[in-house]
Amino acid sequence: VDVTENAVLTDGLTGFDGNWGTVGTTDVLLIQNDKCTTNPMKVVVNYALGETKTIDALVLDFYHCAGVMIGYPEGKVLVEYSVDGVEYTALGVHDLAAAEVAVGSYGTVSSTLAFDAVDAAYVRATFVVGSSTGVLGDSPADGKVFWEFASLAEVAVNEVVYNEVVVDVNTNAVLTDGLTG
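Residues numbered from 1 in each chain as written. Predicted model: local features only at pLDDT ≥ 70, side-chain atom pairs only at ≥ 80, totals over all residues. Heavy atoms only, no water.

Only one face of strand β1 (residues 29–32) is buried: it carries L29 and I31, and the other face, with L30 and Q32, is open. In this sheet, strand β6 (residues 149–159) lies alongside β1 in antiparallel orientation, the contact comprising four bridges. Looking across to β6, one finds that L29 is bridged to L152. (Buried < 20%, exposed > 50% of the residue type's maximum accessible area, 1.4 Å probe, protein only. Helix = DSSP H or I, 4+ residues; strand = E, 2+ residues; numbered from the N terminus. Pairing = 2+ DSSP bridges.)

If you check the backbone angles, M69 has positive phi at about 65 degrees while not being a glycine. Inspection of the secondary structure puts M69 in the loop between β2 (41–65) and β3 (76–82). Judged by its relative accessible area of 9%, M69 falls in the buried class.

Here the focus is the nonpolar core. Nonpolar side chains in soluble globular proteins tend to end up buried together. Core analysis: the biggest nonpolar cluster contains 32 residues, and L58, L60, V77 and V79 have the highest contact counts within it. Secondary structure elements with two or more residues in this core: β2, β3, β5 (106–129) and β6. With residues near it in sequence (within four places) discarded, L58 still touches V79, S111, T112, L113, F115, V123, A125, V155, A156 and V157. Grouped together as the second largest cluster of nonpolar side chains are six residues, Y63, I70, F149 and A153 included. (Core = buried A, V, L, I, M, F, W, Y, C linked by side-chain atoms within 4.5 Å. Contact = heavy atoms within 4.5 Å.)

Per the counting criterion, the structure on display carries three salt bridges. Here R124 ties to E80 by a salt bridge, and the two come within 3.0 Å at their closest N and O atoms. Here the residue R124 occupies a position in strand β5, and E80 occupies one in strand β3, the gap between them amounting to 44 residues. With relative accessibility at 12%, the residue E80 sits in the buried group. As a salt-bridge pair, K144 and E148 come within 2.7 Å of each other at their nearest N and O atoms. With respect to burial, K144 and E148 carry one shared label: buried. (Salt bridge = Lys/Arg side-chain N within 4 Å of Asp/Glu carboxyl O.)

Moving on: the side chain of H94. With respect to the secondary-structure elements, H94 resides in strand β4 (residues 89–95). Within the local environment of H94, its side chain forms a polar contact with the backbone oxygen of L91, the two atoms lying 3.5 Å apart. Those residues within four positions of H94 in sequence are excluded, and the remaining contacts are G75, K76, V77, V79, L113, A114 and F115. (Polar contact = N/O pair within 3.5 Å; in protein donor to acceptor, adjacent residues only side chain to side chain.)

Quick look at the sheet that holds β1 now. An order of β1-β6-β2-β5-β3-β4 is seen for the six strands of this open sheet, with the pairing classed as antiparallel. The open sheet has two free edges, formed respectively by β1 and β4, since each of these has just one partner strand. Across the sheet, the axes of successive neighbouring strands diverge by a mean angle of 30 degrees, strand direction being ignored. Alignment of β2 against β6, held across eight bridges, turns out to be antiparallel. Paired with A57 across the two strands is N158, which belongs to β6. (Axes fitted to C-alpha atoms, helices over the stretch in contact; angles between N-to-C directions.)

Scope: geometric values only; no functional claims are made or implied.
Listed below in C-alpha coordinates is the structure:
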(Lines give C-alpha, C1' and ligand atoms only; values in the text may rest on other atoms or scores of the structure.)
Protein backbone atom coordinates (compact mmCIF):
# COMPACT_ATOMS: atom_id res chain seq x y z
CA VAL A 1 0.00 0.00 0.00
CA ASP A 2 1.49 3.32 -1.04
CA VAL A 3 0.15 6.06 1.23
CA THR A 4 1.22 8.84 -1.15
CA GLU A 5 -0.94 7.43 -3.96
CA ASN A 6 -3.98 7.07 -1.68
CA ALA A 7 -4.88 10.58 -0.50
CA VAL A 8 -7.77 9.17 1.53
CA LEU A 9 -5.13 7.98 4.02
CA THR A 10 -3.77 11.47 4.74
CA ASP A 11 -6.89 13.64 4.43
CA GLY A 12 -7.33 14.05 8.18
CA LEU A 13 -10.56 12.03 8.20
CA THR A 14 -10.23 8.97 10.39
CA GLY A 15 -12.93 6.83 8.88
CA PHE A 16 -16.36 6.36 10.29
CA ASP A 17 -18.13 4.49 13.02
CA GLY A 18 -21.10 3.31 10.99
CA ASN A 19 -21.90 -0.16 9.71
CA TRP A 20 -20.45 -0.85 6.27
CA GLY A 21 -23.00 -0.08 3.58
CA THR A 22 -25.14 2.20 5.74
CA VAL A 23 -22.77 5.19 5.63
CA GLY A 24 -20.30 6.64 3.13
CA THR A 25 -17.21 4.51 2.73
CA THR A 26 -14.98 6.90 0.81
CA ASP A 27 -12.81 7.66 3.86
CA VAL A 28 -11.10 4.26 3.94
CA LEU A 29 -8.85 2.18 1.72
CA LEU A 30 -9.89 -1.47 1.41
CA ILE A 31 -7.07 -3.97 1.02
CA GLN A 32 -8.23 -7.35 -0.27
CA ASN A 33 -6.83 -10.79 0.53
CA ASP A 34 -7.64 -12.73 -2.64
CA LYS A 35 -6.51 -15.97 -0.96
CA CYS A 36 -8.65 -15.65 2.18
CA THR A 37 -9.70 -19.30 2.03
CA THR A 38 -6.10 -20.50 2.38
CA ASN A 39 -3.67 -17.78 3.56
CA PRO A 40 -3.41 -14.84 5.95
CA MET A 41 -2.54 -11.48 4.41
CA LYS A 42 0.73 -9.64 5.05
CA VAL A 43 0.34 -5.91 4.41
CA VAL A 44 3.22 -3.48 3.90
CA VAL A 45 2.35 0.23 4.15
CA ASN A 46 4.90 2.61 2.60
CA TYR A 47 4.69 6.29 3.50
CA ALA A 48 6.90 8.83 1.70
CA LEU A 49 6.90 11.97 3.86
CA GLY A 50 7.94 14.27 1.00
CA GLU A 51 10.99 15.53 2.90
CA THR A 52 13.12 14.51 5.85
CA LYS A 53 11.30 15.19 9.12
CA THR A 54 12.03 14.45 12.76
CA ILE A 55 9.26 12.09 13.86
CA ASP A 56 8.50 10.16 17.03
CA ALA A 57 5.29 8.25 16.26
CA LEU A 58 3.33 6.58 13.48
CA VAL A 59 -0.47 6.67 13.67
CA LEU A 60 -2.52 3.95 11.97
CA ASP A 61 -6.32 4.01 11.96
CA PHE A 62 -8.16 0.82 10.96
CA TYR A 63 -11.86 0.35 10.25
CA HIS A 64 -13.31 -3.11 10.99
CA CYS A 65 -16.69 -4.70 10.30
CA ALA A 66 -16.83 -8.46 10.81
CA GLY A 67 -20.20 -8.81 9.07
CA VAL A 68 -18.62 -7.98 5.70
CA MET A 69 -15.24 -9.70 6.31
CA ILE A 70 -13.29 -6.51 7.12
CA GLY A 71 -10.93 -7.72 9.80
CA TYR A 72 -8.44 -6.13 12.14
CA PRO A 73 -4.71 -6.88 12.04
CA GLU A 74 -3.21 -9.34 14.49
CA GLY A 75 -1.84 -7.34 17.43
CA LYS A 76 1.66 -6.39 16.21
CA VAL A 77 3.15 -3.95 13.67
CA LEU A 78 6.78 -3.75 12.57
CA VAL A 79 7.71 -0.07 12.09
CA GLU A 80 10.77 0.95 10.07
CA TYR A 81 12.17 4.22 8.73
CA SER A 82 14.53 5.34 5.97
CA VAL A 83 16.17 8.53 4.77
CA ASP A 84 16.52 7.29 1.17
CA GLY A 85 13.64 4.86 0.65
CA VAL A 86 16.07 1.98 0.06
CA GLU A 87 17.81 1.13 3.33
CA TYR A 88 15.37 0.78 6.24
CA THR A 89 16.09 0.64 9.97
CA ALA A 90 13.69 -1.10 12.35
CA LEU A 91 12.11 1.03 15.07
CA GLY A 92 10.67 -2.08 16.68
CA VAL A 93 7.56 -4.21 16.83
CA HIS A 94 4.67 -2.27 18.35
CA ASP A 95 1.33 -3.32 19.81
CA LEU A 96 -1.83 -2.16 18.10
CA ALA A 97 -4.68 -0.80 20.17
CA ALA A 98 -7.15 -3.53 21.00
CA ALA A 99 -10.27 -3.72 18.87
CA GLU A 100 -13.47 -5.47 19.81
CA VAL A 101 -14.05 -7.35 16.58
CA ALA A 102 -17.24 -9.40 16.79
CA VAL A 103 -20.25 -10.20 14.68
CA GLY A 104 -22.35 -7.04 14.73
CA SER A 105 -19.48 -4.79 15.82
CA TYR A 106 -17.76 -2.20 13.67
CA GLY A 107 -15.81 0.98 14.00
CA THR A 108 -12.49 2.75 13.59
CA VAL A 109 -9.62 2.09 15.99
CA SER A 110 -6.56 4.35 16.16
CA SER A 111 -3.09 3.20 17.22
CA THR A 112 -0.27 5.62 17.99
CA LEU A 113 3.02 3.72 17.73
CA ALA A 114 5.60 5.79 19.62
CA PHE A 115 9.40 5.51 19.31
CA ASP A 116 12.51 7.59 19.97
CA ALA A 117 12.72 10.55 17.58
CA VAL A 118 14.42 9.86 14.24
CA ASP A 119 15.04 11.83 11.06
CA ALA A 120 13.08 10.07 8.34
CA ALA A 121 11.88 10.66 4.81
CA TYR A 122 10.08 7.31 4.58
CA VAL A 123 8.18 5.15 7.07
CA ARG A 124 7.12 1.56 6.56
CA ALA A 125 4.66 -0.51 8.61
CA THR A 126 4.20 -4.26 8.18
CA PHE A 127 1.38 -6.27 9.75
CA VAL A 128 -0.61 -9.47 9.28
CA VAL A 129 -4.37 -9.75 8.90
CA GLY A 130 -5.04 -13.32 9.94
CA SER A 131 -7.72 -15.76 10.94
CA SER A 132 -11.40 -14.87 11.06
CA THR A 133 -12.42 -18.08 12.83
CA GLY A 134 -12.08 -16.62 16.32
CA VAL A 135 -14.93 -14.26 15.45
CA LEU A 136 -16.87 -16.12 12.78
CA GLY A 137 -16.39 -19.73 13.93
CA ASP A 138 -14.78 -22.68 12.20
CA SER A 139 -17.06 -22.57 9.16
CA PRO A 140 -17.27 -18.96 7.96
CA ALA A 141 -19.08 -18.04 4.74
CA ASP A 142 -17.54 -19.47 1.57
CA GLY A 143 -14.69 -21.05 3.57
CA LYS A 144 -13.06 -17.66 4.22
CA VAL A 145 -11.06 -18.71 7.29
CA PHE A 146 -8.89 -15.58 6.99
CA TRP A 147 -10.24 -12.02 6.84
CA GLU A 148 -11.01 -11.05 3.25
CA PHE A 149 -10.26 -7.37 3.80
CA ALA A 150 -8.33 -4.94 5.94
CA SER A 151 -9.34 -1.30 5.91
CA LEU A 152 -6.96 1.58 6.55
CA ALA A 153 -8.71 4.82 7.45
CA GLU A 154 -5.74 7.13 8.11
CA VAL A 155 -1.94 7.09 8.26
CA ALA A 156 0.04 9.92 9.87
CA VAL A 157 3.30 10.68 11.66
CA ASN A 158 3.92 12.87 14.65
CA GLU A 159 6.47 15.47 13.69
CA VAL A 160 8.74 16.72 16.47
CA VAL A 161 8.98 20.50 16.38
CA TYR A 162 11.74 22.13 18.34
CA ASN A 163 11.66 25.67 19.70
CA GLU A 164 15.09 27.02 18.82
CA VAL A 165 16.73 29.32 21.37
CA VAL A 166 20.02 31.01 20.46
CA VAL A 167 22.38 32.08 23.24
CA ASP A 168 25.15 34.51 22.31
CA VAL A 169 28.06 33.80 24.65
CA ASN A 170 29.77 37.07 23.70
CA THR A 171 26.93 39.20 25.05
CA ASN A 172 26.49 37.18 28.25
CA ALA A 173 29.56 37.82 30.42
CA VAL A 174 28.25 35.52 33.10
CA LEU A 175 29.03 32.62 30.74
CA THR A 176 32.71 33.58 30.36
CA ASP A 177 33.58 34.93 33.83
CA GLY A 178 35.34 31.72 34.91
CA LEU A 179 32.82 30.91 37.64
CA THR A 180 31.23 27.47 37.26
CA GLY A 181 28.43 27.69 39.70
